Amino acid sequence: MKDIISKQILSKLYNHNLLPSLEKLDITTRNKVRAIYTSSEADAVKILNKMRQNLSVRKLLNVEKAISAFHNDDSILPPNFPKSFQTQESYIRLDSLPLHKQMSMLNAVLRENEKMMVAYIQSIGRLNQAIVSSRFSEASNAIKSIVEQFGFSHCLLRKIILVNELYQDDNKDDYLLALQNDAVKNSKVITASLIHCYQEEQDYLGIKRSIMGLPNKGNSNKYTRDIARLAFHSHAKDNDDLNELVQSNMQSSLLDALIITKVNTRLLDLSKYTHIEKFIVELEQTVPTLDEMVGLNGNDENTEYLFIKQSSAWLESKKIIEYRYLIDHFYDSPDSDYFELTPDLIEQLGKIIDVKDITSLLSDKKLLDLVSIKLHSAQQKGGVTRSAIFNYLVFTQKSELVISEEQLYLLMSQTSALDRTIHVQSMKFILPMLPSQEAKLVLRLLIAKKSRSEIDQVSLKSLTEKVLKANYEGSLVKFIDKMSKKSEALAFYLYETCNEDFIARMTRVIKTTKQITETRAALHSWRGEYSGESLYLDRARNLNINSQINKIRGEIDDNRIYVDTTRFSEWFVDNISSQMGSILLILDNSDGLDQIENPQLTDLIENCFNEFCTNSFFGIASYLGRRIRHGTFRGHLYSSVVNNIEKKYEDLIQIPQIDTKWPEWKSDYEKRVMGIINDKLYINAPQKKLGFLYPNLRGSAKRVIVQKCLSTLVEHFKVAGNIVGAEAIVIEFCWRFAEVDLKKFNSYIKGQKPYLINGSVINNINNLNLERDSLKQAREFERELPSLITEKLNIICTWFKKPQSASPKASLNLLYKAVVSEVQQTFDNFNPNTDFEEADDIELYGGVYHIFYDALYVIIFNAAKHGKPEGNLTREFDIVESSDKKLLYCKILSEINDTHTESYVTKQLQVLPNDDLENAQVTENRSGIKKLHNLQLMDKKFRVEVVNCRYRHVVTEFSYELGY
């Protein structure tokens, strides 16, 4: 709303001679209308909102007419018949009216525009007949006539885009294309999403998720969110949702408000609104038959899917509304927040669904109580309606639903997107009813893909292992190949699920790290040979080549920086994917995708990289604190070097000429090592300005990678039509961004060698007046110390690199042995027994591996540092089962120092309520008990059971819930 100075207001008032609509108002109301034009924007909106709430419908209608007529060159209220597509947030969002008042206003506006609306609806009817008769030139003329007489509407925009999509590529109508392009320029979100929805090759559910997940910015984008959803979910969740939808569609046009009301008449008593009821009847008389609408899309296996995608062009049809009521609620994720599977909804759908069991669903029987031969034929060839009804039957019948194994495989071949649309809890009721393990595996697969729950993943893994061992000699490839003969969709689901992380968990059939790579490569080869797509064969070849190039790594992953990619992926899906999908959707079809340097996408990628680096639970920052600053770096570069030298050259160091130099060198060496730890081993931040890793995308090297990242995401979007799987691309490029700083840090570490060696102190020892044997040893010392430091620096450089595997794997006892060995670098007199029996060992992998690595380091480091020198350290590892869970349980006992009392040690082990546990990994430089409790915060399955001191021993017990 533009401010207008008082003189202009008065001039208008006199020139209009108090418009007739203004004259109908009482003096008080008339003065309030005048005040709207002499007040600031904020005050004017308050005045108008208060009038909307307090005035009767009749008076409010006169107020709005007066405002619109009086201010016609810059209207603050949307017109009923706009001269352009309303695709922007052009009007301030006024407060919602109560639904009954909103509908009364609509009813009154329809009454006042009765002749115009009758003619408008008749024109829409003529346009509909031209479209279903494929008389597209006639349709174009009809659209032009409607625009000239009645203006624009989103109902009309949907029909324009439909006609453009139905036109042959070489026969496009220039006028319709111009209208469509104008709409795209004004709002890429609304129009581009509609264009994508109507295109055959685009993923309907993916686009719907992006649009329904548009960020909620309150009133600032409420109109865009409401209008963009019309092609995907026009059914209101409840009265409040309907009220908002009607208000938004009133802003679009009077026709759109009528249509959205018709879509949601189930929530209204139309007998109270006679003109709404009248025009709904007239709208229904203009709609083509279902056969005519379906017939526009041919008669093959894609007809049903394309018809559903384009069906919003016919939202004025009662039969389309009923059909979409099923599809919109049961061909979608049932945990979506924009609808609720209420008893009333179930009852309404039960009236139009003709099949009541799986046998009927898989037969050629009519699926829905809708008269249309062509729709029935399309439903038999397609899979969307059958999927929605299957989900409905599962949700309503649960364990009473009878499915045989043969029917299950048929369903997998005759449905689509079940992994995205099933109701997980209802499916679990069916599991016990299935006759075989393989049949249960089918449902377990769908459940795991939909729920993303760790417990469901573990259940699927365990069942897959059982099936493989029992019938397929442990071979995933043999199993998937056999499944492909029963159901291609099922085989592809399995292939996608069995990624490297999932395979690494199958320890009963995949015994070694090498087998993980080989199995995944074999699956790529199977997929490539089955489909004839060389992409998968290339992936298999690359995996095998990398496996041959890289030396077989030891069982313990020695990488010191890490990112929990599972948790990062969850964060990405929750915080980034919807925005990224929306941006790409907006850019598409408007030449925006070809402009790689998109600032919005760049900002999103920078947000991802910042989280990748700084997140205190799963990011690099967490692992810097847990893996390096907590003692490893100092132990490796300082303690192990000093301990090694002092042990080997004990006699030499005690010589008076050297006895003064060695402490001087050692003190300087420690300061330099601690300087690196305290200053450099951090994520760069205002508080840590010397931190080596910069969580931003500044710098020419990173900008080059940003361009490649964006182009890769765009190409992925063009091919897939959605952003499913984009998180893997983002993770890969986040490591590439990090590697820019990692390489610099490695160069910095290597450059520290001369300063650490500090030759000015230790050089030329051989010039001292030493005896012959001592001189010989001094020369050896002078060579070995720099060599040892160089070796340690080279090893440290291997820590700062991208991990080779997201799912490292090792035995628990071997991990314990490795941690003890690492701690011994700092405390060389620490020598507990690490022998173990392989038969009693327990294997760890992925996230569990990292949690146990860090927990063991905290406990063992504390035992070595604070416990009794050369005291005993004992351990117990066991799997404990209860009625509802299975725990991996660890107990470690260490003797306390003879100089300490039990009460003193107990006090040191206490964690106080005000202790900052959340940031323990980042803020503590050395290992401490708070870090153990931090792990419990980070992973809810990890639990610190006992930390106390009794009988001169520190007892530490912790557990991890396996979930299976």
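About the criteria used
- Residues numbered from 1 in each chain as written.
- Predicted model: local features only at pLDDT ≥ 70, side-chain atom pairs only at ≥ 80, totals over all residues.
- Heavy atoms only, no water.
- Salt bridge = Lys/Arg side-chain N within 4 Å of Asp/Glu carboxyl O.
- Helix = DSSP H or I, 4+ residues; strand = E, 2+ residues; numbered from the N terminus.
- Buried < 20%, exposed > 50% of the residue type's maximum accessible area, 1.4 Å probe, protein only.
- Core = buried A, V, L, I, M, F, W, Y, C linked by side-chain atoms within 4.5 Å.
- Contact = heavy atoms within 4.5 Å.
- Axes fitted to C-alpha atoms, helices over the stretch in contact; angles between N-to-C directions.
- Left-handed = near helix turned anticlockwise from the far one by under 90°.
- Nonpolar A, V, L, I, M, F, W, Y, C, P; charged D, E, K, R; others polar.

Enquirer: Help me understand the pattern of salt bridges, please; the structure alone is not making it clear to me.
Expert: Oppositely charged side chains can pair when the atoms bearing their charge come close. Tallied over the entire structure, the rule returns 33 salt bridges. Across the pair E438 and K486 runs a salt bridge, and its minimum N-O distance is 3.7 Å. Within this pair, whereas E438 is found in helix α27 (residues 437-451), its partner K486 is found in helix α29 (residues 476-486), the two being separated by 48 residues in sequence. By relative accessible area, K486 is classed as partly exposed at 32%. The partner of R508 in a salt bridge is E465, and the shortest N-O contact between them spans 3.5 Å. Here R508, found in the loop between α31 (500-505) and α32 (513-531), pairs with E465, found in helix α28 (residues 454-471); they are 43 residues apart in sequence, far enough to count as distant. The partly exposed category is assigned to R508, whose relative accessible area is 37%.

Enquirer: Whenever I open this one, the nonpolar core confuses me. Can you help?
Expert: For soluble globular proteins, nonpolar side chains are generally found buried alongside one another. Counting residues in each nonpolar core, the largest one holds 259 residues, and the members touching the most others are M117, F330, M580, I620, F633, Y669 and F800. Examining the composition of this core, we find that 13 residues originate from one element, helix α43 (residues 726-751), more than from any other. Those residues within four positions of Y669 in sequence are excluded, and the remaining contacts are L637, Y638, V641, V642, L756 and I789. Membership of the second largest hydrophobic core comes to 37 residues, among which are L815, F827, F852 and L856.

Enquirer: Mind showing me how you'd approach unusual backbone geometry here?
Expert: What is expected of a backbone is that most residues other than glycine have negative phi and most peptide bonds are trans. Phi at S134 takes a positive value of approximately 60°, unusual for a residue other than glycine. Within the fold, S134 resides in the loop between α7 (114-132) and α8 (136-150). Taking the relative accessible area as the measure of exposure, S134 reaches 44% and is therefore partly exposed. Even without being a glycine, E870 presents a positive backbone phi close to 60°. Take E870: its relative accessible area is 64%, and that puts it in the exposed class.

Enquirer: Teacher, can you tell me more about the packing of helix α24 (residues 405-414) against α27 here?
Expert: A packed helix pair is summarised by two numbers, namely the angle formed by the two axes and the spacing between the axes. Direction vectors running N to C along α24 and α27 enclose 35°, while the axes themselves pass 9 Å from each other. For the pair α24 and α27, the sense of crossing is left-handed. Seen from α24, the contacting residues are E405, L408, Y409 and M412; seen from α27, they are E438, A439, V442, L443 and L446. Considering only residue class, the contact of α24 with α27 consists of 7 nonpolar, no polar and 2 charged.

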